[in-house]
Amino acid sequence: MIENALSYSHSLLKRTVINGDNVIDATVGNGGDTVLLAKLVGKTGHVFGFDIQSQAIKTTKEKLVLTSLLEQVTLYNEGHENLDLFIPKTIEIAAAVFNLGYLPKGDKQIITKGETTIQAVETILPRLRKGGLLLLTVYSGHPGGEIEKDAILNFSKRLSQDLYSVLYYGFINQKNSPPFLIVIEKK
Ligand code: SAH
């Protein structure tokens, strides 16, 4: 079976992130990616997680407590576009994940937006280590989603191929705009 976007992003993280790494979960949401990242970095690494909704931070914190992973995670109830204010400049990043759109079971009006998403991506890219990955799972089926999708594709297409490999991964014959994955690898 071919993996879907989310599952493929997890496979890539498992291949890239090792114990002791520093990583970013730019959209914590319900905490699925945060838990995986916390397991991969282990007690000697760290996950920096961001979300603008306190409900997402709360749900995720509960998951991390139940799985005994909270120690290696710091959650910020802040926009990812401001992450430079919270992550020391000296820290090199092994991987960063964005899961875009709205919070499932949450307020569908609160969505990620192209401008702030790209601002965050631009802040993270220079901090990625060689071979490090920035993953964006892009949803376009909701109101506002198409605008963000176009902004991300335009931005990603223009990244220098001398510095980054950029992959588009998604099914092209499915109904209802399934999410697709953009992978940016630092060369
Ligand atoms: N669409 C995905 C889940 C996306 S959750 C799925 O169906 O599984 C996206 C999360 O990003 C939400 O919890 C939302 O609050 C958060 N978010 C929106 N704008 C943000 C920003 N500027 N910074 C950090 N988080 C943001």
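Owing to the predicted nature of the structure, the values given are computational and were not obtained by experimental measurement.

**With respect to the environment of V97**
Secondary-structure assignment places V97 in strand β4 (residues 93–99). Residue classification places V97 among the buried residues on the basis of a relative accessible area of 4%. The spacing of V97 and I110 is 13 residues in sequence and 19 Å in space, taken between C-alpha atoms. When near neighbours in sequence (up to four residues on either side) are disregarded, V97 contacts L13, I24, D25, A26, T27, D33, L37 and L135.

**What to know about the pattern of salt bridges**
Scanning all chains against the criterion turns up six salt bridges. Ionic pairing is found between E62 and K58, a salt bridge with its closest N-O pair at 3.6 Å. Remark: K58 and E62 occur in helix α3 (residues 54–66); sequence separation between them is four residues, near one turn of the helix. Assessed through its relative accessible area of 46%, K58 is described here as partly exposed. Between E146 and K149 there is a salt bridge; the shortest N-O distance is 3.5 Å.

**Structural notes on the packing of aromatic side chains**
Enumeration according to the criterion identifies five aromatic pairs in this entry. Look at Y8 and Y169: their rings are 4.1 Å apart centre to centre, the planes differ by 20°, and that puts the pair in the stacked class. Here Y8, found in helix α1 (residues 5–16), pairs with Y169, found in strand β6 (residues 164–169); they are 161 residues apart in sequence, far enough to count as distant. When its relative accessible area of 18% is taken as the criterion, Y169 is described as buried. Seen from their ring centres, F50 and Y76 are 4.8 Å apart, and the 15° between their planes marks the pair as stacked. Taken together, the residues F50 in strand β2 (residues 46–50) and Y76 in strand β3 (residues 73–76) connect sequence positions 26 residues apart. For Y76, a relative accessible area of 15% translates into the label buried.

What counts, and at which threshold
- Residues numbered from 1 in each chain as written.
- Predicted model: local features only at pLDDT ≥ 70, side-chain atom pairs only at ≥ 80, totals over all residues.
- Heavy atoms only, no water.
- Helix = DSSP H or I, 4+ residues; strand = E, 2+ residues; numbered from the N terminus.
- Buried < 20%, exposed > 50% of the residue type's maximum accessible area, 1.4 Å probe, protein only.
- Contact = heavy atoms within 4.5 Å.
- Salt bridge = Lys/Arg side-chain N within 4 Å of Asp/Glu carboxyl O.
- Phe/Tyr/Trp six-rings, centres within 6.5 Å; stacked < 30°, edge-to-face > 60°.

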